[in-house]
Amino acid sequence: MAALLLTGKLKVDSVQMFTDASLLVSLVGKYKSLGNLNDSNVDKLVSFLDDNSSLTLNEIMAALKKKSDNS
């Protein structure tokens, strides 16, 4: 998280800090790169998910992991 903040990849709108028993830091914001998604790629993914509506979230996540392991 610190690396994302330092490199400017994470924009933070607010910060909450609680220091009672332990330190809890809560950040609210968004990844700057998420706003630059190519709409055609998003549309293709939505179309794929519509065409394959029987897929479970576990199957989709397993496929993403398999793809990232092969890259």
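Asks: Sorry if this is basic, but what is going on with helix α3 (residues 57–70) here?
Replies: In this model, α3 (14 residues) spans 20 Å end to end at C-alpha, consistent with the 20 Å of a helix rising 1.5 Å per residue. Counted residue by residue, α3 has zero buried out of 14 residues, so it is predominantly exposed.

Asks: So what exactly am I meant to see when it comes to the pattern of salt bridges here?
Replies: If charged atoms from side chains of opposite charge come close, those side chains can pair. Counted under the stated rule, the structure contains one salt bridge. Residue K65 is joined to D69 by a salt bridge in which the shortest nitrogen-to-oxygen separation is 3.0 Å. Highlighted residues: K65 and D69, both in helix α3, separated by four residues, approximately one helical turn. Each of the two residues, K65 as well as D69, counts as exposed.

Asks: Could you clarify how one ought to interpret the environment of K11 in this entry?
Replies: Mapped onto the elements, K11 comes out in strand β1 (residues 10–18). A relative accessible area of 40% means that K11 is categorised as partly exposed. Between the C-alpha atoms of K11 and L27, which are 16 residues apart in sequence, the distance is 9.4 Å.

Asks: Just to check I follow, could you spell out the layout of surface pockets for this structure?
Replies: To find leftover empty space, a probe the size of one water molecule is rolled over the atoms. What the largest pocket holds in volume is close to 190 Å³. Examining the composition of the lining of the largest pocket, we find that five residues originate from one element, α3, more than from any other. Looking at the lining of the largest pocket residue by residue, the class counts come to seven nonpolar, no polar and two charged.

What counts as what
- Residues numbered from 1 in each chain as written.
- Predicted model: local features only at pLDDT ≥ 70, side-chain atom pairs only at ≥ 80, totals over all residues.
- Heavy atoms only, no water.
- Helix = DSSP H or I, 4+ residues; strand = E, 2+ residues; numbered from the N terminus.
- Expected span 1.5 Å × (residues − 1).
- Buried < 20%, exposed > 50% of the residue type's maximum accessible area, 1.4 Å probe, protein only.
- Salt bridge = Lys/Arg side-chain N within 4 Å of Asp/Glu carboxyl O.
- 1 Å grid on protein atoms, 1.4 Å probe; cavity = no way out; pocket = protein on both sides within 12 Å on 5 of 7 lines; lining within 4 Å.
- Points joined across faces, edges and corners; volume = space filled by probe spheres on them.
- Nonpolar A, V, L, I, M, F, W, Y, C, P; charged D, E, K, R; others polar.

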